[in-house]
Amino acid sequence: MDITGKKLFVKAMREEGVDTIFGYPGGMVTDLFDELYKADDIHLVLPRHEQALIHEAEGYARATGKVGVCIVTSGPGATNIVTGLADAHYDSIPLVVITGQVPLKLIGNDAFQEVDIVGMTRSITKYGVTVRDRADLGKILKMAFYIAKSGKPGPVLIDLPKDIQNQVGDSDYPAKVSIRGYKPNTSVHVGQLKKAYKLLQAAKKPLILAGGGVHISGAEDLLCQFAEKTHVPVVTTVMGKGVMPVGHHLYVGNCGMHGRYAANKAVSECDVLFSIGTRFNDRITGDLEEFAPNAKIVHIDIATASISRNVVVDVPVVSDARLALDTMMEWAKPRSTKAWRDTIAAWEQENPLCMRDDKGMSPQMIMEEINKAYDSGIVVTDVGQHQMWASQFLSFGPEKKFVTSGGLGTMGFGFPAAIGAKIGAPDQDVVCISGDGGMQMNIQELATAVVEEVPITVCILNNYYLGMVRQMQQLFYGKRYSATCLRRRKSCPAECKGPNKNCPPYEPDFVKLAESYGAHGIRVTKAEEIAPALAQAKANTDAPTIIEFLIATDELVLPMVKSGNPMSEMILR
């Protein structure tokens, strides 16, 4: 029996096991929404902005391991999701994004709300296509889900013209698809892997560097087992945080621009760096000429293009992290690394990760109380100083996930991603940690959180500034705080070196704003108020709770390595 394109679309969603779609209606997708109205088994979430919508789909995908699905209309609806596509592309998040498009006969005529969204996003999607023949719709949708979740996951964009949605055609939806030219790697070159393992075994100062690819492949348990069996210490990227429990005796901490002193020293001094599932971006490497200068480097990654792109490696291994670790477990043998681990421990003792406690309530105190209040669940961050403090001081492991925007560093990601995570995992506690700047980029999603009845806890660390840029201005720009003070008004003096008694009040009042949306609002100004506020937020199960923590404006994220400098050159205090 022949059916319309929109009916085939809904059939495809059911066949792919889609239970939630994040969608914002518009003229070129009204037919899809009309068909979804009849689908009681698919939950349609209406966000308040398309940028937030795609971040919510990202949060859902990260929390569930499923493909996140979203629908937007043509023109501005499509262009508003570009940031989210880039974010998902850099962090390897599987998404299928449907954009409406003007009818085929109008494409290329500068029609109302027509843009070439496929052309615009070609570099930040795994695959993008405009459907030009109703007969191809089923196959293209099947390809979209397969491409999004296979190999190195990522976003796929399907541009669907309005007339295709209503055309009648075949009702078949393919059970599988074969794509010429797209054959994701599902094996490992055993010879290369043996060479890598022998290098590790022969090392006197071996170090494992684990990235987000370990999470994506679900290889956290194998990584721990492999490290324990070989006695090799582990450092992580920010995206790799949580691959080993924070308290594990072999876990050193995050390395990179804001990494632990001991972790960065270990990378600089190791003789074999055994990296798994990382892209070696500049936040990890710093000056490439000085990165791991004494080490032979092994690089295991599922994406061939990522290997030796930034750091030229000695042993490349193209493989899924789980497959590689599973294979190596057959060879893994214990070896003595005590002297090397004692050296790393001495570095940690020399410069432990801690913040000053003489300025009242510190970010470290807040993170430690969050650790006590939530021993499981999902913690989602926005981007900025608070993100780094969370990665430094929060505990993560098998029961507590860390979700953040790593590759693109997208302000405005945190709050909507937390909403999506809670929708995907309703039985888990979800905590969002944000700054006052990032929170205001998608604060309208308070309405979405309230109507979706998702009781997430939102912790806003308010220092009245765009803190990460302010930190750079304080350290490297002579305290010229250009465009970073969020209290600054037109009537303020032209030059300002920081807060003083004449500063105007901060806007908005986050507590009142939360209450105006029907959410709960709490303000915390002292350390002794942190735990009761978190307990109250946890007890609020009818709506989200915003906790505004007023912290010092001049708190710094330390250690810090100036961009482009060697990772061994850390600012410590």
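Refer to the structure printed above.
We now turn to the structure provided with this report. (Residues numbered from 1 in each chain as written. Predicted model: local features only at pLDDT ≥ 70, side-chain atom pairs only at ≥ 80, totals over all residues. Heavy atoms only, no water.)

### With respect to the overall build of the protein chain
Phase 1: Helices and strands together make up the secondary structure of the protein chain, namely 23 helices and 20 strands.
Phase 2: Relative to a compact globule of 573 residues, whose C-alpha radius of gyration would be 25 Å, the protein chain shows 25 Å and is just as compact.
Phase 3: Expressed along its principal axes, the backbone C-alpha trace of the protein chain runs to roughly 70 × 70 × 45 Å.
Phase 4: The buried share of the protein chain, taken over its 573 residues, is 57%.
Phase 5: Sequence separation of 24 or more characterises 76% of the internal contacts of the protein chain that already satisfy a separation of 6 or more.
Phase 6: For the protein chain, the exposed surface amounts to about 23400 Å²; the carbon and sulfur share of it is 50%.
Phase 7: For the protein chain, the distance from the average position of its 60 positive side-chain charges to the average position of its 64 negative side-chain charges is 5 Å. (Helix = DSSP H or I, 4+ residues; strand = E, 2+ residues; numbered from the N terminus. Rg over C-alpha atoms; globule rule 2.2 N^0.38 Å. Buried < 20%, exposed > 50% of the residue type's maximum accessible area, 1.4 Å probe, protein only. Contact = heavy atoms within 4.5 Å. Areas by Shrake-Rupley, 256 points an atom, 1.4 Å probe, with all protein chains shown as cover. Lys, Arg positive; Asp, Glu negative; His and termini not counted. Charge placed at Lys NZ, Arg CZ, Asp CG, Glu CD.)

### Some details on the packing of aromatic side chains
Phase 1: Across all of its chains, the model carries 11 aromatic pairs by this definition.
Phase 2: Residues W340 and W347 carry aromatic rings whose centres are separated by 5.9 Å and whose planes lie at 85 degrees to one another, so their mutual orientation is edge-to-face.
Phase 3: Put simply, the rings of Y197, F226, F274 and W331 touch in pairs and so form one group of aromatic residues.
Phase 4: The ring centre of F396 lies 6.0 Å from the NZ or CZ of K400, which sits over that ring.
Phase 5: Across the ring face of F476, the terminal group of K562 is positioned such that the distance to the ring centre comes to 5.0 Å. (Phe/Tyr/Trp six-rings, centres within 6.5 Å; stacked < 30°, edge-to-face > 60°. Lys NZ or Arg CZ within 6 Å of the ring centre and 35° of its normal.)

### What about unusual backbone geometry?
Phase 1: With an omega dihedral of 5 degrees, the bond running from E507 to P508 counts as a cis peptide bond.
Phase 2: Mapped onto the elements, P508 comes out in the loop between helix 21 (467–476) and helix 22 (510–516).
Phase 3: The step from L558 to P559 runs through a cis peptide bond, and the omega angle for that step is 0 degrees.
Phase 4: Mapped onto the secondary structure, P559 falls in the segment after strand 20 (545–550).
Phase 5: The backbone of E453 sits at a positive phi, close to 55 degrees, despite the residue not being glycine.
Phase 6: Here E453 lies in the loop between helix 20 (445–451) and strand 18 (457–462).
Phase 7: With a relative accessible area of 58%, E453 lands in the exposed category.
Phase 8: In this structure, A483 is a non-glycine residue whose phi angle is positive, near 60 degrees.
Phase 9: Tracing the chain through its elements places A483 in the loop between helix 21 and helix 22.

### A few points about the packing of helix 12 (residues 261–269) against helix 15 (residues 338–350)
Phase 1: The interhelical angle for the contact between helix 12 and helix 15, taken along N-to-C directions, is 140 degrees, at an axis separation of 8 Å. In terms of orientation, helix 12 and helix 15 fall into the oblique class. Relative to helix 15, helix 12 is oriented so that their crossing is right-handed. Facing Y261, A262, K265, A266 and E269 of helix 12, the residues of helix 15 in contact are W340, I344, W347, E348 and E350.
Phase 2: A per-class count over the contact of helix 12 with helix 15 returns six nonpolar, no polar and four charged. (Axes fitted to C-alpha atoms, helices over the stretch in contact; angles between N-to-C directions. Parallel < 35°, antiparallel > 145°, perpendicular 65-115°, else oblique. Left-handed = near helix turned anticlockwise from the far one by under 90°. Nonpolar A, V, L, I, M, F, W, Y, C, P; charged D, E, K, R; others polar.)

### Structural notes on the side chain of D159
Phase 1: Within the secondary structure layout, D159 lies in strand 7 (residues 155–161).
Phase 2: It is R132 that comes nearest to the buried, bridge-free D159 among opposite-charge side chains, at 6.9 Å.
Phase 3: Of note is the side chain of D159, whose polar atom sits 2.7 Å from the side chain of T99.
Phase 4: Contacts of D159, omitting those with residues within four sequence positions, involve T99, G100, Q101, I117, V118, V129, T130 and V131. (Salt bridge = Lys/Arg side-chain N within 4 Å of Asp/Glu carboxyl O. Polar contact = N/O pair within 3.5 Å; in protein donor to acceptor, adjacent residues only side chain to side chain.)

### With respect to the pairing of strand 19 (residues 520–524)
Phase 1: Across five bridges, strand 19 lies against strand 20 in parallel orientation. Its bridge partner lying in strand 20, G521 is registered against I546.
Phase 2: Viewed along the sheet, the connection from strand 19 through helix 23 (residues 530–539) into strand 20 turns out right-handed. (Pairing = 2+ DSSP bridges. Right-handed = clockwise from strand over helix to strand, strands pointing away.)

### What to know about a nonpolar patch on the surface
Phase 1: Taken together, the side chains of V469, M472 and Y477 define a hydrophobic patch exposed on the protein surface, amounting to about 270 Å² of accessible area.
Phase 2: Looking at the secondary structure, you find Y477 in the loop between helix 21 and helix 22. (Patch = residues over 30% accessible without salt bridge, like charges linked within 9 Å, V, L, I, M, F, W, Y side chains within 5 Å.)

### Side note on the side chain of S306
Phase 1: Positionally, S306 belongs in the loop between strand 13 (296–301) and strand 14 (315–318).
Phase 2: Judged by its relative accessible area of 3%, S306 is buried.

### Here we look at the sheet that holds strand 11 (residues 251–254)
Phase 1: Taken together, six strands build an open sheet; the order of strands is 11-10-9-12-13-14 and the sheet is parallel. The open sheet has two edge strands, strand 11 and strand 14, and neither has a second partner. Direction aside, neighbouring strands of the sheet carry axes that sit 15 degrees apart on average.
Phase 2: In this sheet, strand 11 lies alongside strand 10 (residues 234–236) in parallel orientation, the contact comprising three bridges. Across the sheet, V235 pairs through a bridge with G253, a residue of strand 11.
Phase 3: Relative to the sheet, helix 9 (residues 190–202) contacts strand 9 (206–210), strand 12 (272–276), strand 13 and strand 14, its axis offset from that of strand 14 by approximately 135 degrees.

### Let's talk about the sheet that holds strand 19
Phase 1: Pairing is parallel in the open sheet, where six strands are placed in the order 16-15-17-18-20-19. Each having just a single partner strand, strand 16 (400–403) and strand 19 make up the two edges of the open sheet. In this sheet, neighbouring strand axes are inclined to one another by 20 degrees on average, regardless of whether the strands run parallel or antiparallel.
Phase 2: Summarising the sheet, strand 17 (residues 430–435) and strand 18 pair through five bridges and their orientation is parallel. Within strand 18, the residue paired with C432 across the bridge is V458.

### Overview of the pattern of salt bridges
For side chains bearing opposite charge, pairing can occur when the charged atoms are close.
Phase 1: As enumerated under the stated definition, the model contains 17 salt bridges in all.
Phase 2: Note that D87 is salt-bridged to R62, the shortest N-O span being 3.5 Å. Of the two residues, D87 sits in helix 5 (residues 82–91) while R62 sits in helix 3 (residues 50–64), which places them 25 residues apart along the sequence. The same class applies to D87 as to R62, namely buried.
Phase 3: Counted as one network, the salt bridges with shared partners bring together E58, R62, D87 and D91.

### Topic: the pairing of strand 17
Successive side chains on a regular strand alternate, one facing one side of the sheet and the next facing the other.
Phase 1: Of all six residues in strand 17, six are buried; the element is thus mostly enclosed.
Phase 2: Neither face of strand 17 is exposed, since V430, C432 and S434 on one face and V431, I433 and G435 on the opposite face are all buried.
Phase 3: Sheet topology note: the strand 15 (residues 377–381)/strand 17 ladder contains four bridges and is parallel. Opposite V379, over in strand 17, you have V431 as the bridge partner.

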